[in-house]
Amino acid sequence: MVVREKFELGLKELQTKLTEIGEFSIEALHQSLEALETKNVDLALQIIDNDAKADMMYEDINDFAILLIAKQQPVAIDLRRIIIGIKIATDIERIADFAVNIAKATIRIGNQELVKPIVHVKKMLEITSNMLHLALKAYNEEDVKLAKKIAEMDDEVDDLNTHAIRELMEISRQKPEFVQQISQLSFVCRYLERAADHTTNIAENVFYLVKGRHYDW
C-alpha cells in the first residue's frame, strides 16, 4: 500500500474516533438534562462515573494523532488536519465535562421540585447538539459553509441563555427560598452556553483548516 493510501486510512480512523467521542458527549448532555428534569440522582451519578470513558477516548485520540504524525510525517494541509483533529477532541472532551457539571447540579438540587419547566434549557441543548453534529460533519467534509452556519446557531444559544437567566433572576426575587436551586439552574444554562462556545471553536478550526487563516465571526 502506498504512503498516501495509508495516511488517508489513518485520517479516516481519526475522523471516526472524533465522531465517537462527539456522539458520546452529545448523549451525556442529553442524559444530564433528563436527570435534571426527572430528578434522577442515580442517572446523574452514572453520568459522572461514565466521564472516565470520555477521558480515555480523548487520550486515545491524542495518542493516535501523535503516532500518525510520527509514522506518516505529514506536511502542510495534511499536518493541519491532524492538529485540528487534536484541538477538536479537546473541545469535545470539555463538552463531556459540562454534562458532568450538569449532573452535579442535579445532585445538589436533589428531589426539590423545579421552580419552572426547563423549556429554554432543553432548547439550548437541542441547538447545541445540532451544532456539534454539524461541526463534525464540517470537519470531515472540510465544509466552510457549515462552519459559518454553526456560528450563527451559537447566537441563538446565547439569546436563549440570556432569556433563561433573566427569568430565573425574576423568580429569585419572587421566591427567595429557592435561591440555591436557581443558582444551580443558572449554572446549567452557563454550561450549555459554554458547550455551544466550544462547538463554535470547532467551526473556527475548520475554517482555519480549509482557508489557512482565522475567521472573525
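A. Layout of the overall build of the protein. Helices and strands together make up the secondary structure of the protein, namely 6 helices and 0 strands. Mapped from its N terminus to its C terminus, the protein presents α and β elements in the order α-α-α-α-α-α. Projecting the C-alpha coordinates of the protein onto the three principal axes gives extents of approximately 70 × 35 × 15 Å. Scored against the burial criterion, the 217 residues of the protein give a buried share of 50%. Put simply, 84% of the contacts in the protein that link residues at least 6 apart link residues at least 24 apart. In the structure as shown, the protein presents an accessible area of about 10900 Å², 51% of it carried by carbon and sulfur atoms. Taking the average place of the 27 positive charges on the side chains of the protein and the average place of its 37 negative ones, the gap between the two points comes to 4 Å.

B. A look at the packing of aromatic side chains. As enumerated under the stated definition, the model contains 2 aromatic pairs in all. On the numbers, 6.3 Å between centres and 20 degrees between planes, the contact of Phe98 with Tyr191 is stacked. One end of the pair, Phe98, is in helix 3 (residues 76–109); the other, Tyr191, is in helix 6 (residues 179–211), with 93 residues separating them in the sequence. Relative to Tyr191, the ring of Phe187 has its centre 6.4 Å away and its plane inclined at 25 degrees; by these criteria the two rings are stacked. With Phe187 and Tyr191 both in helix 6 and 4 residues apart, this pair spans about one turn of that helix. By the ring-pair criterion, three or more aromatic residues cluster together here, those being Phe98, Phe187 and Tyr191.

C. Broad picture of the packing of helix 5 (residues 144–174) against helix 6. Contact pair helix 5 / helix 6: the axes reach a minimum separation of 9 Å and the direction vectors enclose 165 degrees. Taken together, the axes of helix 5 and helix 6 lie roughly antiparallel to each other. Our pair here, helix 5 against helix 6, has a crossing hand that is left-handed. Per-class residue counts for the contact of helix 5 with helix 6 are 19 nonpolar, 5 polar and 7 charged.

D. Just helix 6, in detail. A rise of 1.5 Å per residue sets the reference length of helix 6, with its 33 residues, at 48 Å; its end C-alpha atoms lie 47 Å apart and thus fit the reference within 8%. Where helix 6 ends, the next residue or the one after it, Gly212, has phi of about 75 degrees, a positive value.

E. Layout of the pattern of salt bridges. Across all of its chains, the model carries 13 salt bridges by this definition. Across the pair Glu141 and Lys137 runs a salt bridge whose closest N-O atoms are separated by 2.8 Å. Of the two residues, Glu141 and Lys137 are both situated in helix 4 (residues 119–141); the distance of 4 residues between them amounts to about one turn of the helix. Residue Lys137 is classed as partly exposed on the basis of its relative accessible area, which comes to 38%. One salt bridge connects Asp197 with Arg194, and the closest N-O pair in it is separated by 3.0 Å. Of this pair, Asp197 and Arg194 both sit in helix 6, separated by 3 residues, roughly a single helical turn. Note on Asp197: relative accessible area 17%, which makes it buried. One salt-bridge network, held together by shared partners, links Glu13, Lys17 and Asp60.

F. Examining helix 5 more closely. Compared with an ideal rise of 1.5 Å per residue, which puts 31 residues at 45 Å, helix 5 spans 46 Å between its outermost C-alpha atoms and is within 8% of the ideal. The N-terminus of helix 5 is capped by Asp143, whose side-chain oxygen sits 3.0 Å from the backbone nitrogen of Lys145.

G. Examining a positive patch on the surface more closely. Side chains of Lys145, Lys148, Lys211 and Arg213 sit close together on the surface and give a patch of like positive charge. By the secondary structure assignment, Lys145 is in helix 5. Among the residues examined, Lys145 registers a relative accessible area of 72% and is labelled exposed.

H. Quick peek at the side chain of Gln15. Relative to the elements of secondary structure, Gln15 occurs in helix 1 (residues 3–38). Apart from residues no more than four positions distant in its own chain, Gln15 is found in contact with Tyr139 and Asn140.

Reading the values: the criteria
- Residues numbered from 1 in each chain as written.
- Predicted model: local features only at pLDDT ≥ 70, side-chain atom pairs only at ≥ 80, totals over all residues.
- Heavy atoms only, no water.
- Helix = DSSP H or I, 4+ residues; strand = E, 2+ residues; numbered from the N terminus.
- Buried < 20%, exposed > 50% of the residue type's maximum accessible area, 1.4 Å probe, protein only.
- Contact = heavy atoms within 4.5 Å.
- Areas by Shrake-Rupley, 256 points an atom, 1.4 Å probe, with all protein chains shown as cover.
- Lys, Arg positive; Asp, Glu negative; His and termini not counted.
- Charge placed at Lys NZ, Arg CZ, Asp CG, Glu CD.
- Phe/Tyr/Trp six-rings, centres within 6.5 Å; stacked < 30°, edge-to-face > 60°.
- Axes fitted to C-alpha atoms, helices over the stretch in contact; angles between N-to-C directions.
- Parallel < 35°, antiparallel > 145°, perpendicular 65-115°, else oblique.
- Left-handed = near helix turned anticlockwise from the far one by under 90°.
- Nonpolar A, V, L, I, M, F, W, Y, C, P; charged D, E, K, R; others polar.
- Expected span 1.5 Å × (residues − 1).
- Salt bridge = Lys/Arg side-chain N within 4 Å of Asp/Glu carboxyl O.
- Polar contact = N/O pair within 3.5 Å; in protein donor to acceptor, adjacent residues only side chain to side chain.
- Patch = residues over 30% accessible without salt bridge, like charges linked within 9 Å, V, L, I, M, F, W, Y side chains within 5 Å.

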